[in-house]
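Chain residues, written in single-letter form:
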Amino acid sequence: MSIAEKIRKSREIEVKVGDITFTGVRATFDEYAKYVNNSVYNGDVCKLHITGWSGVKESDILDDGTDKVMPFDKETFDEIIVDKPEWSGEIVKVLFYRARNGAAARTENEKK
């Protein structure tokens, strides 16, 4: 595995929201700073960083949905995330925490 691949691998995240697990990549510190400085909406941030889910039922997405577990579909995710602040808020909290935390660890490492 190359260094670049290791860096990308280190950015992978999982975010639990109730019984649902979202997967994707955390924001870099530069992305985080851009989002904060430009007041980017949580749903838009999630659209850029989430690449999968598990445990999502049709009833989580549709008011009249069933308990059928739904495979991840990017188009569906992009449509629903903007109407699910209880999901997007938790996801962004983890994305941003990990971005800030990664930058702090790098800064501390540079002091050594």
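Okay, so let's go over this structure.

Analysis parameters
- Along each chain, the written sequence defines residue order, and numbers are assigned to residues from 1.
- Local features are withheld for residues below a pLDDT of 70 in this predicted model, meaning they are given only at 70 or higher, and side-chain atom pairs are given and counted only at 80 or more; totals for whole chains, interfaces and linings count all residues.
- Hydrogens are left out, water is left out, and the side-chain values use all remaining heavy atoms of the structure.
- Labels follow the DSSP assignment, with helices taken as runs of H or I lasting at least four residues and strands as runs of E lasting at least two, numbered in each case from the N terminus.
- The criterion used for residue contact is that any of the two residues' heavy atoms lie within 4.5 Å.
- Each nonpolar core is a collection of buried residues, namely Ala, Val, Leu, Ile, Met, Phe, Trp, Tyr and Cys, held together in the definition by side-chain atoms within 4.5 Å.
- Per-residue accessibility, obtained with a 1.4 Å probe over protein chains only, is compared with the maximum for each type, and a residue is labelled buried under 20%, exposed over 50%, and partly exposed between these values.
- Whether two strands pair depends on DSSP finding at least two bridges between them.
- Axis geometry follows a simple rule: fit a line to the C-alpha atoms, using only the stretch in contact for helices, then measure angles between N-to-C directions, giving values from 0 to 180 degrees.
- Counting of polar contacts relies on pairs of N or O atoms within 3.5 Å, with two restrictions inside protein: one atom must be capable of donating a hydrogen and the other of accepting it, and residues adjacent in sequence are counted only when both atoms are side-chain atoms.

So, on to the environment of Thr 21. Within the element layout of this structure, Thr 21 appears in strand β2 (residues 20-25). Through-space distance from the C-alpha of Thr 21 to that of Ile 91 is 9.9 Å; in sequence the pair is 70 residues apart. When sequence neighbours within four positions are dropped, the list of residues in contact with Thr 21 reads Glu 14, Val 15, Lys 16, Gly 52, Trp 53 and Ser 54.

Glancing now at the nonpolar core. Counting 23 residues, the largest nonpolar core has Phe 22, Cys 46, Trp 53, Phe 77, Trp 87, Ile 91 and Phe 96 as the members making the most contacts within it. Of all elements in the fold, only β1 (12-17), β2, α2 (29-37), α3 (42-49), β3 (50-54), α5 (74-81) and α6 (85-111) reach the threshold of two or more residues within this core. When neighbours within four sequence positions are excluded, Trp 53 is seen to be in contact with Thr 21, Phe 22, Thr 23, Ile 61, Met 70, Pro 71, Phe 72, Asp 73, Thr 76, Phe 77 and Ile 80.

Pairing in this open sheet of three strands is antiparallel, and the strands run β1-β2-β3 from one edge to the other. Because the sheet does not close on itself, it has two edges, and the strands there are β1 and β3. Strand-to-strand twist across the sheet, computed as the mean angle between neighbouring axes with direction ignored, equals 20 degrees. For β2 and β3, the ladder comprises four bridges, and the chain directions are antiparallel.

The next subject is the environment of Glu 90. Structurally, the position occupied by Glu 90 is in helix α6. Residue class for Glu 90 comes out partly exposed when judged on its relative accessible area of 32%. Through-space distance from the C-alpha of Glu 90 to that of Lys 68 is 24 Å; in sequence the pair is 22 residues apart. Setting aside anything within four residues of it in sequence, one finds Glu 90 in contact with Val 15 and Val 17. A polar atom in the side chain of Glu 90 sits 3.1 Å from the side chain of Lys 93.

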